Amino acid sequence: MTGLREVGKRRPQAGIETRIRGGAIYTQDVTLPGMLYGAILRSPHSHARIASIDVTAAAALPGVQAIITAEDFKNRRYYHLGGTYSDRRPLAKDKVRFWGEEVAAVAATSLSIAERACALIAVEYDVLAPALTPQDALRPDAPEIHGKDNAVAGRNLAVRFSADYGDIAGAMAKAHFVLEDEFAHGIVAPCCMETNGTVARFNPDAGTLELWTATQAPYFIRKEVAHLVALDEHKVRVRSVEIGGGFGGKSKVCEQEALAAMLSIKARHPVKITLNRRDEFVSGKTDHAKRIRIRTAVAEDGRILNRNVSVQIDNGAYTAYAPTYVGASRQRTTCLYRIESAHYDCDLVYTNKVPGGQYRGMGAPQTIWAIESHMDDIAKRLNRDPLEYRISQANQPGDVTPLKWRISTCGLTDCLQNVGKMIRWDEKRNSPAPLRGVGVASMIHPSGGVIYQEGNFSNSRVELTGDGQIIVHTQTADTGTWQNTTLAQVAAETLGVNTSDVSVSHMDTDQAPDDLGSAASRVTFVTGNATLHAAEHLRAKILTGLSQQWNCGVEDILIENAVARHGTEPHRTADLTEIARLVGPLSADGFFTTPGERPDPKTGEGNYAATYVFGAQAAEVEVDRDTGRITVLRMAVAQDVGRALNPTAVEGQIYGGVLQGIGMALLEEMVFEEGRPVNASFLDYAVPRIGSAPKIDISLVETNDPLGPYGAKAGAEPTINATIAAIANAVFHATGIRFKTLPMSPDRVLAALEERDGKKPALKPWKRVYNAEVAAVRVMYPGVVFPALRKVGTKFARLPEKSKTPRILVPGSIAELLEFPSNKDTKSRIVAGGTDIFVGMKQGIYAPDQLLDVTRLPDLQGISLERESAPVLRIGAATSLDSVSRNELAARYFPALVSCINLIATAQIRRVATVAGDLCQEKRCWFFRSAFPCYKLGGSTCPCFAVLGDNRHHSINGAKRCAAPNPSDLAPLLSALNARVKVIGKTGIRYIPIEELYLWSGLTKLEKHELIEAIEIPIVPDTSSAFRKFGLRQGDFAEASVAVLAEWSDHRVRSIRIFAGAVSPLPMRAIAAEALLTGTRLEPSLVSAAAETIVEGSLPLHDNEYKVPLLINLTRQALLAASSHSA
Amino acid sequence: MRIDFRINGIDQSIELSNDEMLVNVIRERLELRGTKIGCGNGECGACTVLVDGDAVCSCLIPAHRVAGRSITTIEGIAKENELSPVQAAFVRHGAVQCGFCTSGMIMSASALLAVNLKPTEADISHALAGNICRCTGYRQIIDAVLDASGQTPLGHEPS
């Protein structure tokens, strides 16, 4: 296709001028007159019967305008996929099935009143035993989560599927060998930057409802909400708004939509509900965990004779779209590469966890990870190069797959060859640098598949307004994918106008005709075709109108560059304004439905999609042997996009998809305890930050699909599909280790490297006497101690009272601060930066009555050299971390301090957080921070959840009743530097060495009415210092850190101080290592031996053994750094 | 408590409620809604604004602390109709997808370029680590910041 003027060109994003100036209106920015704020009461149990709900006290709270419970929705449930899959109510009735389930909702004049009202709703629960994993849920005696109406395939089974494809027996008879393997991964989450939210406005006079909502699919929102609040669909209107990311997390009805609608109907006011970040993780927008067994029969020449795949999917407590995950994983396993025969079976299992939603790829990235890891192993067994082997088995045009997909255009071979070239495969594969590797993977994805019960159709409308504007009206939502830009390009190309002449109005269900929305990468292909047809119709109408005006045939008129010309009478021209004047306002609709076939319900067979997308990715990685960190150095991505309607937009999707894939591969996983997420924040759930972005080379392979609009296929969603697999294969190349669980996070990688190398450091736990007692208690913890404390002890827990609003007081001097009245009923806390305390109040771990803000106290600010006796560097307690790192004196005397601070948190936090605040911050244990009724939060009758729960971040040393490690980076460094804090109290001044500051993690020796005025670090000549830290992600808290101060005399160490952080409740001094190194020159061999001793006396927990080698390696690094400073 | 401060070059005087955070003053009192809330806990950077030139998370700053200080939000970063160099580079490089992180990104990048005229890619990574973007994969953002500082972007054109 040549001569294209708008399609295929790099056009800027539609609406960019508004977005870049902050003027775009997202749902959270919508405010309406009389608007109320909604809050949701969530279940505090994973599985329980609701005995009673009493809203009397909440209703009496001034400002409360409406309260809703399950009764308000009668017996209506979400449709979702319909039939037996329709299992969830907008608010729980009779039973709650996961922690965080919606139980009631309140609308009030302010959010804080609504939240307080929620806390006043009295719900009585009869707690039931939960089934938290698919394995547990499939036991014959497992608690029944749903009845037989929904668990139709057996107890807790929403789906049980099994099918054979082709002549399996015949294929197996020809097998040269059979390979078998098993892969598993946990739950990840889309994490849109904009959380879900809705503003609902019910008009009681007209009986109409308007919704401003963060959704990908207005069509389904209208359908679901109208049904749930019992309005006719045409009475519900979804309005246009900006969407802050989708990735599947907004592709179904999200729970706040129906709740805001019902609250608005009841309160007769507009109601806004904005989910907070924690709600996002707990309430049903996540992906699904899977276990994938795969067995492949291979012919001598490498042909895949049979691929047999068995999958188990964790549905969570309710079914949303997980049955389509069954389909998506079936499609990849039976259709990627040429396969002679196949078997696929799958269980979709209910558990008492967050109901899975959808996330980019619908499970394909992990399914392909399993297939492609396996393909690498097959190539190895065949002694063939993995890239060459894949090319030999690649799908080709004209192929029919076991699932009866008829492959038309297919650029897979080109994609594989292109990524090989871009990554310099032969060179890097055959002579890799140490701990570096390259890997490759392919992917397949339907374009225009029959996704929904409704099929897969689109209506689009293109309008010429009376004043000459061209507007495309689509119900699909541009969630940031640039879909509005590409739709404008399609319309512009077809009409003969410029893309800048076309605006796109998205989402509004009253203005745009029906379309199924922006999911499954369907907009370019399906809505693009509908828009193309609409624009053709409009063009025909314009030409007809003009031909009547100009008295000529339509074939005599040419529209180009937004100007219509009479072919033979060149003086007759009309720009868009003139065209509109001549022919009047016009509009035209276009319709497209996929020619794909509905899959056979029993087997899934059928040519499901209009066409298929292919692609390949190659990764180059480097593995850090000391820490286990995998760095993706470079990615090469080639994708058969049919045609790139806008290369900048497609590249943006590739960059973004690859980075999300890196998150899945290396960082992301939700962690649960008792079914309750413990890492529901961006602190603990690590999405990739900017430092994770590798170099990415892109090759767009254009196969010009005959069915696509201007040849285009789906592009955005599948960019993620091959990323995990390519990285995993590169890691295998670099290390020889095949990871079978995700993510390949540093803790797992380091543990695997240690095992590979047969390393087993001597821990000598008997060196610490208390370890005998700790070990004994741990043995009894699962059977005796934990159940007793959990069941009985936590009844006496004294948890901080939530949703209090403290007074903030700002004293002008220390004297004034110390004089502030306080009695035993008033809990005061000193606040400096506030980066811990303000977050902790929301987490429910602090509930002060008053906060004393010390940032205005001049004595607490500044950095100076003090020479009263011995010279010290004095740092005011409330000096920001950033001020220290930029200070010349600090840089001159303590470069290790500056490098340490630059590893703490992020730029924004360092500008606010203070030095004393870092020292005094509360512990970071994720059970404590999630307000579990633990020993430290609830009191001495409560258990430590870290002993049995996921304890990868916890102490390996000194973990007695509480396993939380000291989180401060400055604590070990300032301890090593022999620093002390100057403390002022009512009785005078005292000094505490930082080494002795702590009673426990997050607990200092400061008394009530004492505050730290300054930190003093002695300046000692002939010293060198160093600090090393490892965090799992950029800006993270330490998993381990080591600080060293060496004092030199005649090139020998006269004295040395070594402290470790984040491995024990207190900063841990390495006395044995210090003794070994005193008097030496810190020779490398001695350093290594001394480093090994730092873990003596450790008693790791079950998930944090990796901290042992990590600590040794960081110690060695820090010591070597200190020795290189000696000159 | 009443506080006086300057925001986007305009003097303001506001009666604060006790627990009010800066982001609330900006978004709800002054209706400058280009500053976004992505987490409310200082973890994502969507609410980043400049206080006396320093990029901070406005969700973690008690509003009383900005008394007498000067704040710049995304609405104040352009000069009249002319986009700032960072904004213009974001447009040129297609560094915006959903746009929700964009305001914060631009504030952090602007604060960086104010003190570091020619940042390296490592400098950019250090300065922008507090701003999460889930859409772009950051490549186009890195190129935009390099370009805004007059440096050649690394370029990730299709081969």
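All values derive from a computational prediction rather than experimental measurement.

Rules used in this analysis
Residues numbered from 1 in each chain as written. Chains lettered and ligands numbered in written order. Predicted model: local features only at pLDDT ≥ 70, side-chain atom pairs only at ≥ 80, totals over all residues. Heavy atoms only, no water. Helix = DSSP H or I, 4+ residues; strand = E, 2+ residues; numbered from the N terminus. Rg over C-alpha atoms; globule rule 2.2 N^0.38 Å. Contact = heavy atoms within 4.5 Å. Areas by Shrake-Rupley, 256 points an atom, 1.4 Å probe, with all protein chains shown as cover. Lys, Arg positive; Asp, Glu negative; His and termini not counted. Charge placed at Lys NZ, Arg CZ, Asp CG, Glu CD. Buried area = accessible area lost by both parts, 1.4 Å probe. Salt bridge = Lys/Arg side-chain N within 4 Å of Asp/Glu carboxyl O. Polar contact = N/O pair within 3.5 Å; in protein donor to acceptor, adjacent residues only side chain to side chain. Core = buried A, V, L, I, M, F, W, Y, C linked by side-chain atoms within 4.5 Å. Buried < 20%, exposed > 50% of the residue type's maximum accessible area, 1.4 Å probe, protein only. Pairing = 2+ DSSP bridges. Axes fitted to C-alpha atoms, helices over the stretch in contact; angles between N-to-C directions. Expected span 1.5 Å × (residues − 1). Patch = residues over 30% accessible without salt bridge, like charges linked within 9 Å, V, L, I, M, F, W, Y side chains within 5 Å. Left-handed = near helix turned anticlockwise from the far one by under 90°. Nonpolar A, V, L, I, M, F, W, Y, C, P; charged D, E, K, R; others polar. Parallel < 35°, antiparallel > 145°, perpendicular 65-115°, else oblique. Phe/Tyr/Trp six-rings, centres within 6.5 Å; stacked < 30°, edge-to-face > 60°. 1 Å grid on protein atoms, 1.4 Å probe; cavity = no way out; pocket = protein on both sides within 12 Å on 5 of 7 lines; lining within 4 Å. Points joined across faces, edges and corners; volume = space filled by probe spheres on them. Domains from an automatic or database assignment.

Below, the discussion takes up the overall build of chain A. Looking only at helices and strands, one finds 33 helices and 43 strands in chain A. Here chain A has a C-alpha radius of gyration of 32 Å; the compact-globule value for 1127 residues is 32 Å, and the two agree. Overall, the C-alpha framework of chain A stretches about 100 × 75 × 70 Å when taken along its three principal axes. Considering only intrachain contacts with a sequence separation of at least 6, the fraction spanning at least 24 residues in chain A is 76%. Of the roughly 38,500 Å² of accessible surface on chain A, a fraction of 51% belongs to carbon and sulfur atoms. Put simply, chain A has 126 plus and 123 minus side-chain charges, and the middle of one group is 4 Å from the middle of the other.

A few words on the interface of chain A and chain B. Chain A puts 77 residues into the contact, and the matching count from chain B is 70 residues. Between chain A and chain B, roughly 6,200 Å² of surface is buried when both sides are summed, and carbon and sulfur atoms account for 54% of that area. Linking chain A with chain B are seven salt bridges. In this structure, Arg 134 of chain B and Glu 668 of chain A form a salt bridge, with 2.8 Å as the shortest nitrogen-oxygen distance. Run the count over chain A and chain B and you get 43 residue pairs in polar contact (both at pLDDT 80 or more).

Of all hydrophobic cores here, the largest spans 175 residues; its most connected members are Leu 666, Phe 682, Ile 727 and Met 744 of chain A together with Phe 90, Leu 128 and Val 145 of chain B. Counting residues per element, this core draws most heavily on helix 17 (residues 647–667) of chain A, at 10 residues. Excluding residues within four positions of it along the chain, Leu 666 of chain A makes contact with Ile 630, Val 632, Ile 727, Pro 743, Met 744, Ser 745 and Pro 746 of chain A.

Turning to the sheet that holds strand 40 (residues 1023–1030) of chain A, a few remarks are in order. Residue and element names in this part refer to chain A. Taken in spatial order, the four strands make up an open sheet running 40-41-42-43, and their pairing is antiparallel. Because the sheet does not close on itself, it has two edges, and the strands there are strand 40 and strand 43 (1068–1069). Taken together, the eight bridges between strand 40 and strand 41 (residues 1040–1049) define a ladder with antiparallel strand orientation. Counterpart to Phe 1030 in the pairing with strand 41 is Ala 1040. Those strands touched by helix 33 (residues 1107–1124) are strand 40, strand 41, strand 42 (1052–1061) and strand 43, and its axis lies near 30° from that of strand 41.

We now examine helix 7 (residues 255–267) of chain A. An ideal rise of 1.5 Å per residue puts 18 Å on 13 residues; helix 7 of chain A measures up with 18 Å between its terminal C-alpha atoms. All of the buried residues along helix 7 of chain A are Glu 255, Gln 256, Glu 257, Ala 258, Leu 259, Ala 260, Ala 261, Met 262, Leu 263, Ser 264 and Ala 267 of chain A.

What follows is about a nonpolar patch on the surface. Residue and element names in this part refer to chain A. Among the surface-exposed residues, Val 779, Met 780 and Val 784 lie close enough to one another that they form a single nonpolar patch of about 300 Å² accessible area. Relative to the helices and strands, Val 784 is located in helix 20 (residues 770–791). Accessibility expressed as a relative area gives 52% for Val 784, which makes it exposed.

Looking now at the side chain of Asn 607 of chain A. Residue and element names in this part refer to chain A. Inspection of the secondary structure assignment puts Asn 607 in the loop between strand 23 (586–593) and strand 24 (609–623). Within the structure, the side chain of Asn 607 is placed 2.9 Å from the backbone nitrogen of Arg 406, a separation counted as a polar contact. Setting aside chain neighbours within four positions, we find Asn 607 in contact with Lys 404, Trp 405, Arg 406, Gly 596, Glu 597 and Tyr 612.

With that out of the way, let us pick up the pattern of salt bridges. All names here are of chain A. The full count for this structure, using the stated rule, is 88 salt bridges over all chains. Two residues, Arg 748 and Glu 669, come together in a salt bridge whose shortest N-O distance is 3.1 Å. With Arg 748 in helix 19 (residues 746–756) and Glu 669 in the loop between helix 17 and strand 26 (672–673), the pair connects residues that are 79 residues apart, well separated along the chain. Assessed through its relative accessible area of 15%, Glu 669 is described here as buried. Put simply, Arg 980 and Glu 1016 hold a salt bridge, and the shortest N to O gap is 3.1 Å. Here Arg 980, found in strand 35 (residues 980–985), pairs with Glu 1016, found in strand 39 (residues 1010–1018); they are 36 residues apart in sequence, far enough to count as distant. A network of salt bridges, in which partner residues are shared, links Arg 42, Arg 88, Glu 102, Lys 252, Glu 255, Arg 278, Asp 279 and Lys 285.

A few words on unusual backbone geometry. A cis amide bond links Leu 742 of chain A with the next residue in sequence, Pro 743 of chain A, at an omega value of -5°. Its location among the elements puts Pro 743 of chain A in the loop between strand 29 (741–742) and helix 19. Within the chain, Leu 1082 of chain A stands out as a residue other than glycine whose phi angle is a positive 55°. By the secondary structure assignment, Leu 1082 of chain A is in the loop between helix 31 (1071–1077) and helix 32 (1084–1093). A positive phi is found at Glu 31 of chain B, a non-glycine position, where the angle reads about 55°. Tracing the chain through its elements places Glu 31 of chain B in the loop between helix 1 (22–29) and strand 3 (48–51).

Okay, the packing of helix 32 of chain A against helix 33 of chain A next. All names here are of chain A. Axis separation between helix 32 and helix 33 bottoms out at 8 Å; the angle between their running directions is 145°. Helix-helix and strand crossings are classified by hand; for helix 32 and helix 33 the assignment is right-handed. Here helix 32 contributes Pro 1084, Val 1087, Ser 1088, Ala 1091 and Glu 1092 to the contact with helix 33, which in turn contributes Ile 1112, Thr 1115, Arg 1116, Leu 1119 and Leu 1120. For the contact of helix 32 with helix 33, the class distribution of residues is six nonpolar, two polar and two charged.

All right, on to the packing of helix 6 (residues 218–228) of chain A against helix 7 of chain A then. Residue and element names in this part refer to chain A. In the contact formed by helix 6 and helix 7, the axes pass within 10 Å of each other and the chain directions differ by 45°. By the angle between their directions, the pair helix 6 and helix 7 is classed as oblique. For the pair helix 6 and helix 7, the crossing hand works out as right-handed. Counting all contacts with helix 6, which are made through Ile 221, Val 225 and Leu 228, the residues of helix 7 involved are Glu 257, Ala 258, Ala 261 and Met 262.

Attention now moves to the packing of aromatic side chains. Residues and elements named next belong to chain A. Within the structure shown, the criterion is met by 18 aromatic pairs over all chains. Seen in terms of ring centroids, Trp 405 and Tyr 612 are 4.4 Å apart; in terms of plane orientation they differ by 20°. Their pairing is stacked. Here Tyr 612 lies in strand 24 and Trp 405 lies in the loop between helix 11 (386–393) and helix 12 (412–423), a separation of 207 residues in the sequence. When the ring of Phe 932 is compared with that of Phe 945, the centres are 5.0 Å apart and the planes differ by 65°; the resulting orientation is edge-to-face. One end of the pair, Phe 932, is in the loop between helix 28 (926–929) and helix 29 (935–938); the other, Phe 945, is in the loop between helix 29 and helix 30 (970–976), and 13 residues separate them in sequence. Each member of the pair, Phe 932 as well as Phe 945, is classed as buried.

Residue and element names in this part refer to chain A. All told, the structure shown has nine cavities of 30 Å³ or more when counted by the stated rule. Here the largest cavity defines a volume of roughly 400 Å³. Counting only elements with at least two residues in the lining of the largest cavity, the list comes to helix 17 and helix 19. Partitioning the lining of the largest cavity into residue classes produces 16 nonpolar, four polar and nine charged. Two domains each donate at least three residues to the lining of the largest cavity, and these are domain 2 (290–448 + 611–754) and domain 4 (766–1124).

Our next topic: helix 12 of chain A. All names here are of chain A. Over its 12 residues, helix 12 extends 17 Å from the first C-alpha to the last, a length consistent with the 16 Å expected when each residue adds 1.5 Å. Along helix 12, the residues that are buried comprise Leu 412, Thr 413, Cys 415, Leu 416, Val 419, Gly 420, Met 422 and Ile 423. For helix 12, the secondary structure elements touched by its buried residues are helix 11, helix 13 (425–430), strand 16 (436–449), strand 24, strand 25 (630–640) and strand 28 (695–701). Taken from the residues just after helix 12, Arg 424 is the one with a positive phi, measuring 55°.

Residues and elements named next belong to chain A. Across the sheet, which stays open at both edges, the five strands sit in the order 33-34-39-35-36 with antiparallel pairing between neighbours. Lying at the two open borders of the sheet, with one neighbouring strand each, are strand 33 (863–866) and strand 36 (988–993). Direction aside, neighbouring strands of the sheet carry axes that sit 30° apart on average.

Let's shift gears to the domain arrangement of chain B. Residue and element names in this part refer to chain B. We note that the domain assignment places domain 1 (2–76) and domain 2 (85–148) within chain B. A C-alpha centroid distance of 21 Å is found between domain 1 and domain 2. For the domain 1 and domain 2 pair, buried surface summed over both sides reaches about 1,000 Å², with 65% attributable to carbon and sulfur atoms. Linking domain 1 with domain 2 are zero salt bridges.

On to the domain arrangement of chain A, then. Domain parsing of chain A yields domain 1 (31–128 + 193–245 + 251–282), domain 2 (290–448 + 611–754), domain 3 (457–593) and domain 4 (766–1124). Computed from C-alpha atoms alone, the centre-to-centre distance between domain 1 of chain A and domain 4 of chain A is 42 Å.

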